[in-house]
Amino acid sequence: MKVVKFGGSSVADVKQFRKVKAIIQADNRRQVVVVSAIGKSLQQPIKMTDMLIELERARDLGEDINEIFESISERFLKIRDDLKIGLVLEKDLLEIKDNLFTCSHDYLISRGEYLTAKLMAKYLGYKFVDASLVMIFKENGFDYGASKRALLKIRSKYQNIVVPGFYGVQIDKSIQLMARGGSDISGAILANLLDAKLYENWTDVSGILMADPRIVDHSQKIDILSYEELQELSYMGIGVFQEEAILPVRKKQIPTKILNTNDPKASGTLVVGSIDRQIEKRIITGIAGKKNYTVITIKKYQLNRHIEILQQVLSILQKHHIVASYVPSGNDGFSFLCQQDSSNPNLESAISNLRNSCNLDKIIINKNIALVAAVSWQLSQRPSLAGKILDFLDNSRINVKLVIQEGSNMKVIFGVNDADYERTIVKIYQEAEFYKLSKPA
Ligand SMILES: Nc1ncnc2c1ncn2[C@@H]1O[C@H](COP(=O)(O)OP(=O)(O)O)[C@@H](O)[C@H]1O
Ligand SMILES: N[C@@H](CC(=O)OP(=O)(O)O)C(=O)O
């Protein structure tokens, strides 16, 4: 049995729905289907999830919600009408509108997946199973036991089901949303619960590419990679597979394939536990990164004799809910990195709190830093790799502000100015290509 997840781009319009049906019909082991909310298409530049976020914003600001609600409804009703499936969606849409001023954020934003799954289930002739019945959370995480019991009970009656991704239910029956891109997580959890033979993750690219195709033209595909390597790449920002989706499949060693709905015959990328490295020629597995970091450097003379400073700094960060990666430095200071985005809304107040509360010599703030990581399982055997890349970036006049090689020994990270982000990825990609060609047989 296979669990198959279709991302927003795979269900963006009626053409995409037809492709999904052809894929499902081509293999009767594709019994458990997870869908995201309808995503972007050529005609529709906005994901349904973002339209719902916009609806919520309009509601909260007291603006007119009717226009945006109408365009949301129209997208669903158009797919239904074009597919000619006799599904009564109007009742669901009315219920959402009725609930709009009293419902929670998680309920509202999850309705994109809910309605898309209803459409898909009807179109495929599969049973619609609301995620609130089978994706059960408890206070401190996901409840695998309760979810499995509920799921097996339903599957004893219905083999072929469609489950909306991206959300589940809390003990108090309220809807709980997952992180953005969370349908990947739903699919991975369902594959875990059902001990699936394979988890197929269908998207709009033919697998995981060595670098973001929006930055590197004709980037090579990664044919096979380990859960560990994918974890590093996802953590560093490749959007194609949600980082939190790796653990559920990794735990049960369920092979996972990233496949292209628009080119279903393409082989895609296979993710597994271990790889025969004899046949793996690549030295750098992949390159990924993110922009918009702030580097905060704390200076304190003989910091190693004032260990309490570290404790104070960390507790201030915690108080402001700052998500930070810590980069130890020398005797007289250390740095940490924070993303300047919605994950750290209190960054500025945390910095001013640090300035006022800790007895520091100096705080240096460096904004608009991009991190670019080269992931390679061979890093521990090739310590010179980081140096070679640095040399290459230096020759290209890219100013590298920091280098981090982590304990995992799977990736080396280069901090550059945001403005140099794309160029850095292109240069490391070129270096990776050169390396592959120049590697001794
Ligand atoms: N290294 C990479 N390999 C493949 N795709 C990547 C990579 N980095 C970024 N992407 C982007 O991820 C997109 C797919 O992810 P996403 O938009 O979440 O798809 P879906 O709608 O199927 O969930 C691709 O269209 C591509 O632009
Ligand atoms: N619709 C949600 C969840 C998701 O997984 O979407 P997608 O498969 O389109 O990345 C989001 O936009 O975050």
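Residues numbered from 1 in each chain as written. Chains lettered and ligands numbered in written order. Predicted model: local features only at pLDDT ≥ 70, side-chain atom pairs only at ≥ 80, totals over all residues. Heavy atoms only, no water.

The name given to the chain in an unreviewed UniProt entry is Aspartokinase, and the organism recorded there is Companilactobacillus alimentarius DSM 20249. On record in UniProt, under Catalytic activity (unreviewed entry), the comment for the chain is "L-aspartate + ATP = 4-phospho-L-aspartate + ADP". (UniProt positions renumbered as here; feature names shortened; annotations may be inferred.)

It is worth spelling out the site of ligand 2 at this point. Neighbouring ligand 2 are the residues Lys5, Gly7, Gly8, Ser36, Lys47, Thr49, Glu113, Phe166, Arg180, Gly181, Gly182 and Ser183. One of the backbone nitrogen or oxygen atoms of Gly8 is found 3.1 Å away from an oxygen atom of ligand 2. At 3.0 Å, a backbone N or O of Ser183 approaches an oxygen atom of ligand 2. Protein burial of ligand 2: of its 330 Å² of free accessible surface, 89% is covered by the chains. Of the residues assigned to the shell around ligand 2, the class counts are one nonpolar, seven polar and four charged. (Near = heavy atom within 4 Å. Polar contact = N/O pair within 3.5 Å; in protein donor to acceptor, adjacent residues only side chain to side chain. Areas by Shrake-Rupley, 256 points an atom, 1.4 Å probe, with all protein chains shown as cover. Nonpolar A, V, L, I, M, F, W, Y, C, P; charged D, E, K, R; others polar.)

This part is about the layout of surface pockets. Of the pockets and cavities examined, the second largest pocket occupies roughly 260 Å³. Lining of the second largest pocket is provided by 14 residues; of these, Ala12, Asp13, Gln44, Arg75 and Lys78 occupy positions nearest its centre. With six residues, helix α3 (residues 66-83) is the largest single contributor of residues to the lining of the second largest pocket. Considered class by class, the residues forming the lining of the second largest pocket number five nonpolar, four polar and five charged. (1 Å grid on protein atoms, 1.4 Å probe; cavity = no way out; pocket = protein on both sides within 12 Å on 5 of 7 lines; lining within 4 Å. Points joined across faces, edges and corners; volume = space filled by probe spheres on them. Helix = DSSP H or I, 4+ residues; strand = E, 2+ residues; numbered from the N terminus.)

Neighbouring residues of ligand 1: 18 residues in total, closest Gly8, Ser9, Thr203, Asp204 and Leu209. At 3.5 Å from an oxygen atom of ligand 1 is found a side-chain nitrogen or oxygen belonging to Lys5. Asp204 is positioned such that a nitrogen or oxygen atom in its side chain is 2.8 Å from an oxygen atom of ligand 1. Looking at side-chain class alone, the shell around ligand 1 contains eight nonpolar, six polar and four charged residues.

Our focus in this paragraph is the side chain of Thr49. Within the secondary structure layout, Thr49 lies in helix α2 (residues 48-60). The residues touching Thr49, leaving out its near neighbours within four places in the chain, are Ala37, Ile109, Glu113, Phe166 and Arg180. (Contact = heavy atoms within 4.5 Å.)

Take the pairing of strand β18 (residues 411-417) next. A large share of β18 lies buried, amounting to six of its seven residues. Pairing of strand β16 (residues 362-375) with β18, which is carried by seven bridges, proceeds in the antiparallel orientation. Counted as the bridge partner of Val372 is Phe414 from β18. Two elements, strand β17 (residues 400-405) and β18, share five bridges in a ladder whose sense is antiparallel. The residue bridging Val403 from the neighbouring strand is Phe414, located in β18. (Buried < 20%, exposed > 50% of the residue type's maximum accessible area, 1.4 Å probe, protein only. Pairing = 2+ DSSP bridges.)

It is worth spelling out the pattern of salt bridges at this point. Pairs can form between side chains of opposite charge once their charged atoms are near each other. By the definition in use, this model includes 22 salt bridges. Glu90 is paired through a salt bridge with Arg80; the nearest N and O atoms lie 3.0 Å apart. Residue Glu90 is found in helix α4 (residues 90-99), and its partner Arg80 is found in helix α3; the two are separated by ten residues along the sequence. Residue class for Arg80 comes out buried when judged on its relative accessible area of 9%. (Salt bridge = Lys/Arg side-chain N within 4 Å of Asp/Glu carboxyl O.)

Another aspect to go through is the UniProt feature "domain: Aspartate/glutamate/uridylate kinase" (unreviewed entry) in the chain. With numbering aligned to this structure, UniProt lists the feature "domain: Aspartate/glutamate/uridylate kinase" (unreviewed entry) at residues 2-260. As annotated, residues 2-260 has a helix share of 45% and a strand share of 16%, and its two end C-alpha atoms lie 16 Å apart.

In this section: the domain arrangement of the chain. In terms of domains, the chain is made up of domain 1 (2-272) and domain 2 (286-438). Between the C-alpha centres of domain 1 and domain 2 there is a distance of 33 Å. In this complex, domain 1 contributes 16 residues to the contact, which on the side of domain 2 involves 23 residues. Counting each side, the surface lost to burial between domain 1 and domain 2 is near 1700 Å², with a carbon and sulfur contribution of 67%. (Domains from an automatic or database assignment. Buried area = accessible area lost by both parts, 1.4 Å probe.)

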